[in-house]
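Geometric and topological summary
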Amino acid sequence: MGLYAEACIRGDLDDLWARTQDPRQHRRWDLRFTEIDPLPGVEGGPRRFGYAIRVLPFLTFSGTGVSAGEQTRPDGTRASALRFSAPHPLSLIAEGGGYWQYVPDGDGVRFLTGYDYRPRWGAFGALADRLVLRRLVGWATAWSFDRLRLWLERGVAPERALVNWLVELAVRALVVTAACTGLFLDPFLRLFGPVAASMAYLCPLLLAIVIAFALFTPPLPGTPAARRCLRTPPTWACAPRLLTTLEHPS
């Protein structure tokens, strides 16, 4: 699989299964989807669903997919797989598929995913995917996994987690902007009275420290962060057979 993400979640396996398999709960924490709705299907067969991704206020990509799950496996793990298609001609992603695996580990669960997709638009699409989209989708997947972890471990609702992230992002951006433009520098120097002129020589160093602090300080515990997730697959990671049984949605 081309993309991989893994989160260690200290929570109940059944709760994790419910919040990832129920479309109404899935769309709350997964940044990659705006809407996920079940569609009529064959009883006992793969589940069909429709999804939508709002890219811009005036542009929404929609598509369909099929998924199936294995809630009981001999080794105690669980797995689900899906395939999807995106018929909108402006969508860079044409179709794809992937899996989720739930691996009990001590007092928690290793929740991991592997998936890939086929870009459209020929050579230009392949280049745009490699340089921009694939990096963005990989980040959004890991960020969403950490958002789910906060929901299960700390009780931070996905909507609140998004607000926390936006507020922290805005504060960091404000600090960097103020440091780069010298905003509030004069009032700061006046605090030193007669030695203000001497302190001015240290300002570039102090501003560099402030910028580094704003950019590289770890996110707050209640803020989702992609960096908390593993992004490189271990050697043993492989897609479950379940994925091969799914047909591409029409």
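Residues numbered from 1 in each chain as written. Predicted model: local features only at pLDDT ≥ 70, side-chain atom pairs only at ≥ 80, totals over all residues. Heavy atoms only, no water.

A closer look at the packing of aromatic side chains
- Summed over the entire model, instances satisfying the criterion amount to 13 aromatic pairs.
- Here the aromatic rings of W29 and W100 are separated by 6.0 Å at their centres, their planes lie at 35°, and the arrangement is tilted. Highlighted residues: W29 in helix α2 (residues 23-29) and W100 in strand β6 (residues 93-105), separated in sequence by 71 residues. No difference in accessibility class separates W29 from W100, as the two residues are buried.
- The rings of W17, W29, W100, Y102, F111 and F145 are connected pair by pair, giving a single aromatic cluster.
- Sitting above the plane of the W151 ring, R19 keeps its charged end 4.4 Å from the centroid. (Phe/Tyr/Trp six-rings, centres within 6.5 Å; stacked < 30°, edge-to-face > 60°. Helix = DSSP H or I, 4+ residues; strand = E, 2+ residues; numbered from the N terminus. Buried < 20%, exposed > 50% of the residue type's maximum accessible area, 1.4 Å probe, protein only. Lys NZ or Arg CZ within 6 Å of the ring centre and 35° of its normal.)

Observations concerning the pairing of strand β1 (residues 3-9)
- Summarising burial for β1: six of the seven residues are buried, a large majority.
- The pairing of β1 with strand β7 (residues 108-119) spans seven bridges and is antiparallel. Paired with Y4 across the bridge in β7 is G114. (Pairing = 2+ DSSP bridges.)

With respect to the pattern of salt bridges
- This structure, assessed with the given rule, holds 16 salt bridges.
- The partner of R134 in a salt bridge is D116, and the shortest N-O contact between them spans 2.8 Å. Of this pair, R134 sits in helix α3 (residues 122-154) while D116 sits in strand β7, and the two are 18 residues apart along the sequence.
- Salt-bridge contacts for R149 lead to D146; the nearest nitrogen and oxygen are separated by 2.6 Å. Here the residue R149 and the residue D146 both occupy positions in helix α3, the gap between them amounting to three residues, near one helical turn. Taken as a pair, R149 and D146 share a single burial class, namely buried.
- One salt-bridge network, held together by shared partners, links R10, D146, R149, E153 and R228. (Salt bridge = Lys/Arg side-chain N within 4 Å of Asp/Glu carboxyl O.)

Structural notes on the side chain of S91
- Along the polypeptide, S91 turns up in the loop between β5 (78-85) and β6.
- Overall, S91 belongs to the buried group, its relative accessible area being 5%.
- In this structure the side chain of S91 is engaged in a polar contact, spanning 2.9 Å, whose partner is the backbone oxygen of I93.
- Excluding its chain neighbours within four sequence positions, the residues that come into contact with S91 are F61, A86, R120 and W121. (Polar contact = N/O pair within 3.5 Å; in protein donor to acceptor, adjacent residues only side chain to side chain. Contact = heavy atoms within 4.5 Å.)

Comments concerning a nonpolar patch on the surface
- A surface patch of nonpolar side chains, about 350 Å² in accessible area, is lined by V163, V167, V171, V175 and V210.
- When residues in the nonpolar patch are grouped by element, the largest group, four residues, is from helix α4 (residues 158-181).
- Looking at where V171 falls in the secondary structure, it is placed in helix α4.
- Residue V171 is classed as partly exposed on the basis of its relative accessible area, which comes to 48%. (Patch = residues over 30% accessible without salt bridge, like charges linked within 9 Å, V, L, I, M, F, W, Y side chains within 5 Å. Areas by Shrake-Rupley, 256 points an atom, 1.4 Å probe, with all protein chains shown as cover.)

Some thoughts on the packing of helix α1 (residues 13-21) against α3
- For the pair α1 and α3, interaxial distance at closest approach is 11 Å and the crossing angle is 135°. The orientation of α1 relative to α3 falls into the category oblique. Handedness of the crossing formed by α1 with α3: right-handed. Residues D15, L16, R19 and T20 of α1 form the contact with α3, whose participating residues are L148, W151 and L152.
- Classifying every residue of the contact of α1 with α3 gives four nonpolar, one polar and two charged. (Axes fitted to C-alpha atoms, helices over the stretch in contact; angles between N-to-C directions. Parallel < 35°, antiparallel > 145°, perpendicular 65-115°, else oblique. Left-handed = near helix turned anticlockwise from the far one by under 90°. Nonpolar A, V, L, I, M, F, W, Y, C, P; charged D, E, K, R; others polar.)

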